[in-house]
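Survey of secondary and tertiary structure
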Amino acid sequence: MDNAATNRADNAIVIDKLTLEYGTQVLFRGFSLTVPAGQKVLLVGSSGSGKSSLVRCLLGFVTPQEGTIAIDGTILDGKTVWSLRRKIGYVSQEPQLGTGKVKDLIQLPFTYHANIHLKYDPSGQARLFEQFRLSAALLDKDISELSGGEKQRVALVISLLLGRSIYLLDEATSALDAEAKTAVLDYFRQRPDLTVLMVSHDTAIAAITDRTVTMPAVTAQEAV
Amino acid sequence: MMNAADAIHPLALTAGYLMLLIPLAIIHWYRVPMLGQTISSVLRMTIQLILVGLYLQVVFRLNNPWLNMAWLLVMITVADLSILKGAQFRFGRLAAWLFAALLVGTAIPLFIFVGVILTRPEILDARYVIPIGGMILGNCLRADIIGIRTFYQSIRTGQKAYELALSQGATIAEAVRPHLRESIYQALTPTVATMANIGIVSLPGMMTGVIIGGNDPLTAIGYQIAIMLSIFTGTAITVFLAILLSARSAFTPYGILKQAIFKS
C-alpha cells in the first residue's frame, strides 16, 4: 500500500509541518499531528498558541504559509476543500447560526446543493435534542432568544444530523452546564466511528478523549 | 409637441446669486465653519454646469448617435470611479465588473423608456437619451455604493456565520445569500421610499422639468411614473449584477473573502 492509501485507511487527519504566521506574529511553526480515524483528541495550549487557527486551517478558512493537511488521505487545497468540508462537522465557541427560527436554521444546510443527497431526519433531531437536554419548544423560538449553551448544542445537533465523520469542536462545550456537557461528551465517546478533535481549556474533557496534545510555544514541534 | 421653457438671461441669474447673500450672511454671522467651502462649491457648480452646458449644446446640435453613446459611456466611467471611491474598496480589476453592471443597469431601462414607452424611433436621440440616462445612472450610482458596501462589509462583520455556512457545505453563492438579501434591501429602500412619497412631499425633478417645458401636468405625470419605474429597475439590475460580477474576483479558491479588497 502506498502512503496515500495508508492515510485513507487509517488516518482521518494528517497535519504535516504546518506553519502559520500573521505578519510578524508566528502562531505555530512546523507543527505536525496525526489523528487516526475514530480517535478522540483533546488539543490544549495557552491562549494565542494557535489552537483555533489550526482548526480554521483544517477547514480551509486560513491558508498556512508552509506544510500540508490531509483529510481522509486527500490533501487540502483550493480544489479539494469543497468536498473535504463535507466530511467535517465544525462547532465553534460562539456559533453564529444566522437569523430566524431554530427549526428553519436546523434545516437550512439540507437545502445546500452539496447536501442534496442527505435528508433531514426529524426523528434523529428529536433524539439528539433529548440526548443533549434541549427542549423541543426551542424549535419554534428565534435563535436570538437562545442562551450560549443552547446555541452550542443546536450547532452540535446540526453538524451531527449532517452525518459528518470528522468533528472539529472549538470550545464547543464551554457554555454548557455540567449535566449538558456530560451528555454531549458521552455521546461522542459512544460513537467509535467518529473522529473528534476538541479544542478546550477544560482539562476534565481529557477523561473521555484518547489522548491530549499540547500546542507548544513557537518552536519546531511534532506530535504524532 | 413640447414648447421650449423661457430662457434665463445671464444678468437675470445675478438675482439668484444675490439671493445667496442671505445664507452667506447667516453663515458669516454665526461663524458656521463653511463660508469658504460654500463659496467654492457655488463657483464649482457654476463652472461645471457652464462647461457641460456648452458641451451638451454641441452634442445636441450634432445629435450623432455615436457621440451620444460615447457621452453616455463617459458618464458611466465617471460613475464607476465614484463607486470605487465611495465604497472605500480597493477593487483594481473589479472596476471592470462594476462598469459592466452600471452599463447593463442603465441601458436596459433607458432603452425601454426611450424606445418602447416614448416610442422614439431614434433611441439614441440626445434630447432624451442623455438627460434620462443621467437620471437613471445617478440613482444607480447611489444604490450601487450602498449595495456593494453593505454586501462586503456584512460578510466581513458576519465572518463567523459565513464560515459556519461554508463548513456546513454551502457554496459561496449559498453562503452569501443572507448578505446579498440585506444589501439589495439596503440599496433599494431609498427608491422604494421615494416612490411611496412622491408627489406629496415634493414635485419631482422630471415632472417639474416637463411642466416648465410647457406641458400639462398629466403629461408630466406620465414621464415621472416612467422615470421612477426605470430608476427602480435600473438600480435593482445594477446592484444585483455589481455584486454578482465583483464577487467572482473577491473570494479566494477556498471561498474566503479577500481582505485585500478593503482599504482599511
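These numbers were taken from a predicted model, which means no experiment stands behind them. Note on numbering: residues in each chain are counted from 1, in written sequence order. Chain letters and ligand numbers both follow the written order, the letters beginning at A and the numbers at 1. In keeping with the predicted nature of the model, local features appear solely for residues at pLDDT of at least 70, side-chain atom pairs appear and are counted solely at 80 or more, and the whole-chain, interface and lining totals rest on all residues.

1. Some details on the overall build of chain B
Secondary structure is summarised from DSSP: a helix means a run of H or I of at least four residues, a strand means a run of E of at least two, and numbering begins at the N terminus for each. In terms of helices and strands, chain B carries 11 helices and 0 strands. Overall, the C-alpha framework of chain B stretches about 70 × 55 × 35 Å when taken along its three principal axes. Using C-beta atoms placed from the backbone, we call a residue buried if 20 or more other C-beta atoms fall within 10 Å of its own, exposed if 12 or fewer do, and partly exposed for counts in between. Scored against the burial criterion, the 264 residues of chain B give a buried share of 30%. Whether two residues are in contact depends on their C-beta atoms, placed from the backbone: they are in contact if these lie within 7 Å. Partitioning the contacts of chain B with sequence separation of at least 6, the portion at a separation of at least 24 is 72%.

2. Observations regarding the overall build of chain A
Counting its secondary structure elements, chain A contains 7 helices and 9 strands. Computed over the C-alpha atoms, the radius of gyration of chain A is 17 Å, within 12% of the 17 Å expected from 2.2 N^0.38 for a compact globule of 224 residues. Overall size of chain A, expressed as C-alpha extent along the three principal axes, is 50 × 35 × 35 Å. Counting contacts in chain A only where the partners sit at least 6 residues apart, residues at least 24 apart contribute 74% of the total. In this setup the radius of gyration rests on C-alpha atoms only. A globule is expected at 2.2 Å times the number of residues raised to 0.38.

3. Considerations on the interface of chain A and chain B
Listed as interface residues are 23 residues of chain A and, on the opposing side, 16 residues of chain B. Across the side of chain A that touches chain B, the residue classes break down as 12 nonpolar, 8 polar and 3 charged. Ten residue types, Ala, Val, Leu, Ile, Met, Phe, Trp, Tyr, Cys and Pro, are classed as nonpolar, four, Asp, Glu, Lys and Arg, as charged, and the remainder, Gly among them, as polar.

4. Points about helix 7 (residues 159–167) of chain B
Regarding helix 7 of chain B, the residues found buried are Tyr-162, Glu-163, Leu-164, Ala-165, Leu-166 and Ser-167 of chain B. In this structure, the buried residues of helix 7 of chain B make contact with strand 6 (88–91) of chain A together with helix 6 (126–157) and helix 8 (172–175) of chain B. Positive phi appears at Gly-169 of chain B, one or two residues downstream of helix 7 of chain B, with a value of about 105°.

5. Observations regarding the nonpolar core
Ile-13, Val-157 and Leu-168 of chain A together with Leu-102 of chain B are the most contacted members of the largest nonpolar core, which totals 116 residues. Take this core: its biggest share by element is 15 residues, from helix 6 of chain B. Aside from chain neighbours lying at most four places away, what touches Leu-168 of chain A is Val-55, Leu-58, Leu-59, Ile-88, Tyr-90 and Leu-197 of chain A. For this entry, the nonpolar core is defined as buried Ala, Val, Leu, Ile, Met, Phe, Trp, Tyr and Cys residues connected by C-beta atoms within 7 Å.

6. Some remarks on the pairing of strand 4 (residues 66–71) of chain A
Residues and elements named next belong to chain A. Note on pairing: DSSP must find at least two bridges between two strands before they are called paired. Inspection of the sheet shows strand 1 (residues 11–22) paired to strand 4 by 5 bridges, in the antiparallel sense. Paired with Val-14 across the bridge in strand 4 is Ala-70. Here strand 4 pairs with strand 5 (residues 74–75) via 2 bridges, running antiparallel. By the bridge assignment, Ile-71 is partnered in strand 5 with Thr-74. Between strand 4 and strand 5, which follow one another and run antiparallel, lie 2 residues, and Asp-72 among them has a positive phi close to 50°.

7. As for the sheet that holds strand 5 of chain A
Residues and elements named next belong to chain A. With respect to topology, 4 strands assemble into an open sheet ordered 2-1-4-5, the strand pairing being antiparallel. For this open sheet the edge positions go to strand 2 (25–36) and strand 5, each flanked by a neighbour on one side alone. Where helix 2 (residues 51–58) meets the sheet, it contacts strand 1, strand 2 and strand 4, and its direction lies at approximately 120° from that of strand 1. With axes taken as lines fitted to C-alpha atoms, and helix axes fitted only over the stretch in contact, angles between N-to-C directions fall between 0 and 180 degrees.

8. Some thoughts on the environment of Arg-133 of chain A
Residues and elements named next belong to chain A. If you trace the backbone, Arg-133 turns up in the loop between helix 5 (122–131) and helix 6 (148–161). For the pair Arg-133 and Lys-181, spaced 48 residues apart in sequence, the C-alpha separation works out to 9.7 Å. Dropping the residues within four chain positions of it, Arg-133 is found in contact with Glu-179, Ala-180 and Ala-183.

9. A few points about the sheet that holds strand 8 (residues 195–199) of chain A
Whenever strands of a sheet pair, they do so through backbone hydrogen bonds, lying parallel or antiparallel. All names here are of chain A. Across the sheet, 5 strands lie side by side as 6-7-8-3-9; this open sheet has parallel pairing. Edge positions in the sheet fall to strand 6 and strand 9 (211–214), since each of these pairs with one other strand and no more. With strand direction ignored, the average angle separating the axes of adjacent strands in the sheet is 15°. Sheet analysis places strand 3 (residues 40–44) next to strand 9, joined by 4 bridges and oriented parallel. By the bridge assignment for strand 9, Leu-43 is matched with Val-213. Across the sheet, helix 2 is in contact with strand 3, strand 7 (166–170) and strand 8; its angle to strand 7 comes to roughly 150°.

10. A look at the pairing of strand 1 of chain A
All names here are of chain A. The sheet contact formed by strand 1 and strand 2 spans 8 bridges and is antiparallel. By the bridge assignment, Val-14 is partnered in strand 2 with Thr-34. Counting the residues between successive antiparallel strands, the hairpin from strand 1 to strand 2 contains 2 residues, one of them, Gly-23, with a positive phi of roughly 65°.

11. Description of the packing of helix 5 (residues 94–117) of chain B against helix 11 (residues 217–250) of chain B
In a pair of packed helices, the angle between the axes and the distance between the axes together describe the arrangement. Residue and element names in this part refer to chain B. Where helix 5 contacts helix 11, the axes come no closer than 8 Å and their chain directions differ by 155°. The angle between helix 5 and helix 11 places the two elements in the roughly antiparallel class. Handedness of the crossing formed by helix 5 with helix 11: right-handed. In the contact of helix 5 with helix 11, the residues fall into 18 nonpolar, 8 polar and 1 charged. For this classification, under 35 degrees means roughly parallel, over 145 means roughly antiparallel, 65 to 115 means roughly perpendicular, and everything else is oblique. The sense of a crossing depends on the near helix, which, turned anticlockwise from the far helix by less than a right angle, makes the crossing left-handed and, turned clockwise, makes it right-handed.

12. Things to note about the confidence of the model for chain B
Counting all residues, the mean pLDDT for chain B is 89, and 97% of those residues have values of 70 or more. Both confidence scores are given for the complex: pTM 0.83, ipTM 0.89. In predicted models, pLDDT denotes the confidence assigned by the predictor to each residue on a 0 to 100 scale.

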